[in-house]
Amino acid sequence: MAGIEIKELTLVNEVAKVLSRGLDFEEAVSEILKVLYSFWGAEASFIAIYDRNEKVLKIVKAFGLSDRDVRRAIFRKGEGITGKAFKTGIPIVITDLASNPAFLNKTRIRDRLKGDEVFIAVPIKVGGDTVGVMAVFKTFSSKESVEKGIESLMVVGTMIGMFYRLSERIERERREWEEERKMLQEELRKTYSIHGIIGVSESVRNLIEVVKKVASTDSTVLITGESGTGKSLIAKAIHFLSGRKDKPFVTINCAAIPDTLLEAELFGYERGAFTGAHTSKKGKFELADGGTVFLDEIGDMPLYLQAKILRVIQDREIEHLGGERVIKVDVRIIAATNRDLEVLVREGKFREDLYYRLNVIPIHVPPLRERKEDIPVLVEHFLEKFNDKYGKNVKISPEAMEALMEYNWPGNVRELENTVERIVVMHEGTVRAVDLPPHILAVRRRGGTETLQNLPETIQATEKEKIIEALEKTGYVKSRAAKILGYTLRQLDYRIKKYGIEIKKF
Ligand SMILES: Nc1ncnc2c1ncn2[C@@H]1O[C@H](COP(=O)(O)OP(=O)(O)OP(=O)(O)O)[C@@H](O)[C@H]1O
Ligand SMILES: [Mg+2]
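Basis of the calculations
- Residues numbered from 1 in each chain as written.
- Chains lettered and ligands numbered in written order.
- Predicted model: local features only at pLDDT ≥ 70, side-chain atom pairs only at ≥ 80, totals over all residues.
- Heavy atoms only, no water.
- Buried < 20%, exposed > 50% of the residue type's maximum accessible area, 1.4 Å probe, protein only.
- Helix = DSSP H or I, 4+ residues; strand = E, 2+ residues; numbered from the N terminus.
- Contact = heavy atoms within 4.5 Å.
- Near = heavy atom within 4 Å.
- Polar contact = N/O pair within 3.5 Å; in protein donor to acceptor, adjacent residues only side chain to side chain.
- Areas by Shrake-Rupley, 256 points an atom, 1.4 Å probe, with all protein chains shown as cover.
- 1 Å grid on protein atoms, 1.4 Å probe; cavity = no way out; pocket = protein on both sides within 12 Å on 5 of 7 lines; lining within 4 Å.
- Sits in = over half its atoms within 2 Å of the grid points.
- Nonpolar A, V, L, I, M, F, W, Y, C, P; charged D, E, K, R; others polar.
- Domains from an automatic or database assignment.
- Points joined across faces, edges and corners; volume = space filled by probe spheres on them.
- Salt bridge = Lys/Arg side-chain N within 4 Å of Asp/Glu carboxyl O.
- Patch = residues over 30% accessible without salt bridge, like charges linked within 9 Å, V, L, I, M, F, W, Y side chains within 5 Å.
- Axes fitted to C-alpha atoms, helices over the stretch in contact; angles between N-to-C directions.
- Parallel < 35°, antiparallel > 145°, perpendicular 65-115°, else oblique.
- Left-handed = near helix turned anticlockwise from the far one by under 90°.
- Phe/Tyr/Trp six-rings, centres within 6.5 Å; stacked < 30°, edge-to-face > 60°.
- Pairing = 2+ DSSP bridges.

1. A closer look at helix 8 (residues 259–267)
What sets the pattern is the α-helix's 3.6 residues per turn: residues three or four places apart point alike.
And step 1. Those residues of helix 8 that sit buried are Leu262, Glu263, Ala264, Leu266 and Phe267.
And step 2. Looking at the buried residues of helix 8, the elements they touch are strand 10 (249–253), strand 11 (268–269), helix 9 (284–287), strand 13 (292–296), helix 10 (303–315) and strand 14 (317–319).
And step 3. Looking one or two places after helix 8, you find Gly268, whose phi comes out positive at around 80°.

Now the structure itself:
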């Protein structure tokens with residue numbers, strides 16, 4: 001009987017090979033059933049796994065059974081031979097399939113059997129737990145031993161059980177990992193917003209953190225960044241997140257008010273302090289008492305006033321113009337500028353001591369071109385705002401969004417906001433890339449389905465050529481070249497500078 005044992009060994013060996021192929025559980029099970037057929041002659045077989053939620057055994061894969069029959073075959077614990085093998089954890093063998101009432105024929109296989117098949121159901125076990133059942137229909141020849149068959153099936157069952165546990169664990173880990181990945185991604189994609197400051201970039205997120213932290217203090221804040229990056233917005237956010245939010249937020253634009261008026265505006269004056277001062281008037285610092293003073297464009301403040309501002313910051317005291325009384329003020333100071341104060345200090349245009357007094361908490365807002373990942377959320381935000389305002393439902397196509405992301409936005413968020421407003425006003429439905437203003441498309445390289453020929457670039461190149469041509473013709477006498485071109489001298493000068501044309505002297 002040695003031959004049979006070798007046959008059984010081959011079976012186990014083949015199953016081990018399948019399991020080592022790195023398949024997933026269902027694929028592996030399907031291959032094992034094929035092995036049971038080709039190496040052992042099992043005409044039909046299936047593997048059922050217990051579903052802990054539904055509390056039933058469900059066939060995972062079958063061989064030699066129709067799909068419809070497989071779907072029908074669901075076993076409760078203890079139900080039929082399969083259910084019994086599962087419940088008791090011991091193998092069950094039926095030799096009289098045709099007449100045995102315990103065989104429920106759920107898979108309808110009896111109708112197709114020859115009558116001499118043996119039905120073996122072995123539990124699939126792992127570490128004392130039964131997780132499912134492997135069922136096999138096989139005709140045994142007189143030389144084959146059913147006992148040996150059961151023994152090898154038990155071994156295969158254990159191998160499947162171990163593989164099942166492993167797959168379960170891998171699947172669980174994969175799911176956990178997937179969930180974690182999703183959460184992280186969501187976290188990354190989440191739009192950060194506080195008091196109208198919107199963004200997803202690292203810099204905006206950090207900025208929002210700083211804004212939240214400094215809001216609760218009375219520290220002086222200096223906000224720097226290019227024009228239109230959101231400095232004023234940040235100053236307001238700080239005020240409205242602070243304990244001073246119910247008190248005034250007073251903005252003083254140091255660049256917009258003429259020097260002569262600025263001092264009176266800031267500090268107030270007494271009657272008769274200067275010609276025209278018929279009454280006394282409170283200054284902005286007094287008006288802001290208890291609240292926040294926002295000194296916008298502080299870089300443009302004249303030097304003599306800088307000393308007075310320094311005094312307010314140091315002593316929280318002011319004096320009216322033409323008055324002698326010292327007035328105490330309780331204000332928080334936030335300053336902003338798009339100029340480089342350090343350079344102004346070096347050039348002697350800004351007091352160094354004031355610079356240090358202001359720069360207690362510096363907040364730098366990077367230009368939009370350095371945080372392009374903020375562009376889509378800002379576009380969506382402004383779309384919503386202006387669709388609301390104009391009662392429209394304008395959308396942006398993905399290609400148009402791409403073009404908006406490629407553009408450099410020298411005017412930063414303000415330019416983006418104005419652009420979106422114009423788009424909403426001018427268009428209906430979905431805006432394509434070709435609908436965007438030409439200067440935005442000009443940066444797009446050729447290629448891309450929606451891209452226009454770069455008209456503005458072409459025009460500029462031609463214009464430059466024509467100017468050089470005219471200059472050559474006139475021996476670089478600009479006034480004559482301008483006449484040929486139909487430009488004023490100023491217009492020509494502007495273009496010479498713009499295109500970086502070299503003026504040859506003769
Ligand atoms: N992160 C942002 N989220 C939403 N809106 C923004 C953001 N940054 C700027 N804006 C909007 O862009 C416009 C320009 O911003 P803001 O006036 O604050 O810029 P600024 O830096 O003060 O410019 P300037 O230097 O010219 O004074 C405003 O309408 C503002 O609401
Ligand atoms: Mg501003």
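2. A look at the site of ligand 1
And step 1. The environment of ligand 1 is made up of 18 residues, and the closest members are Ser227, Gly228, Lys231, Ser232 and Glu417.
And step 2. Between Glu417 and ligand 1, the recorded distance is 2.5 Å, taken from a side-chain N or O atom to an oxygen atom.
And step 3. For ligand 1, the accessible surface in isolation is 630 Å², of which the surrounding protein chains cover 85%.
And step 4. A majority-of-atoms criterion places ligand 1 in the second largest pocket.
And step 5. Contributions of two or more residues to the shell around ligand 1 are made by strand 8 (197–199), helix 7 (231–241), helix 13 (375–390) and helix 15 (412–426).
And step 6. Among the residues making up the shell around ligand 1, the classes are represented as 6 nonpolar, 7 polar and 5 charged.

3. Observations concerning the side chain of Ser201
And step 1. Checked against the element boundaries, Ser201 lands in the loop between strand 8 and helix 6 (202–215).
And step 2. Of the polar contacts made by the side chain of Ser201, one reaches the side chain of Asp374; its length is 2.7 Å.
And step 3. If we ignore the near neighbours within four places in the chain, the residues touching Ser201 are Arg371, Glu373 and Asp374.

4. A short note on the domain arrangement of the protein
Note on interface size: it is often stated as the accessible area lost on association of the parts.
And step 1. Taken domain by domain, the protein comprises domain 1 (2–172), domain 2 (197–366), domain 3 (369–453) and domain 4 (456–499).
And step 2. Each of domain 1 and domain 3 has a C-alpha centre, and these two points are 62 Å apart.

5. Here's the deal with the layout of surface pockets
And step 1. In this model, the largest pocket occupies a volume close to 630 Å³.
And step 2. Ranked by the residues each element gives to the lining of the largest pocket, the list is headed by helix 5 (residues 146–189), at 9 residues.
And step 3. Taken together, the residues of the lining of the largest pocket sort by class into 9 nonpolar, 3 polar and 9 charged.
And step 4. Taken as a whole, the second largest pocket spans an internal volume of roughly 530 Å³.

6. Quick word on the pattern of salt bridges
And step 1. Evaluated as defined, the whole model comprises 32 salt bridges.
And step 2. Between Glu265 and Lys284 there is a salt bridge, with the nearest N and O atoms lying 3.9 Å from each other. Taken as a pair, Glu265 in helix 8 and Lys284 in helix 9 lie far apart in primary sequence, 19 residues in all.
And step 3. Judged by relative accessible area, Glu265 falls into the partly exposed class, the value being 28%.

7. So, a nonpolar patch on the surface
And step 1. There is a patch of nonpolar side chains on the surface, built from Tyr390, Val425 and Met426 and spanning about 300 Å² of accessible area.
And step 2. Mapped onto the secondary structure, Met426 falls in helix 15.

8. Considering the environment of Thr220
And step 1. Within the secondary structure, Thr220 sits in the loop between helix 6 and strand 9 (221–225).
And step 2. Judged by relative accessible area, which is 5%, Thr220 ranks as buried.
And step 3. For the pair Thr220 and Leu368, spaced 148 residues apart in sequence, the C-alpha to C-alpha distance is 25 Å.

9. Notes on the packing of helix 6 against helix 7
And step 1. Viewed as axis vectors pointing N to C, helix 6 and helix 7 meet at an angle of 40°, and their least axial separation amounts to 8 Å. When the axes of helix 6 and helix 7 are compared, the pair comes out oblique. Pair helix 6 / helix 7 crosses with right-handed handedness. Contacts between helix 6 and helix 7 involve Leu207, Val211, Val214 and Ala215 from the former and Ile234, Ala237, Ile238 and Leu241 from the latter.

10. What to know about the packing of aromatic side chains
And step 1. Inspection of the entire model under this criterion finds 16 aromatic pairs.
And step 2. Taken together through their ring pairs, the aromatic side chains of Phe25, Phe163 and Tyr164 make up a single cluster.

11. Let's talk about empty space enclosed by the protein
And step 1. Per the counting criterion, the structure on display carries 1 cavity of 30 Å³ or more.
And step 2. Residue lining of the largest cavity: 13 residues in total, with Phe75, Thr82, Phe103, Asn105 and Lys106 positioned closest to the centre.
And step 3. Tallying contributions element by element places helix 4 (residues 80–88) first for the lining of the largest cavity, with 3 residues.
And step 4. A per-class count over the lining of the largest cavity returns 8 nonpolar, 4 polar and 1 charged.

12. Details of the sheet that holds strand 1 (residues 42–51)
And step 1. Taken together, the 6 strands give an open sheet; going across it, the order is 3-2-1-6-5-4, and neighbouring strands pair in antiparallel fashion. Of all strands in the sheet, those bounded by a partner on one side alone are strand 3 (74–75) and strand 4 (92–94).
And step 2. Bridge count between strand 2 (residues 56–63) and strand 3: 2 bridges; the pairing is antiparallel. By the bridge assignment for strand 3, Lys58 is matched with Ile74.

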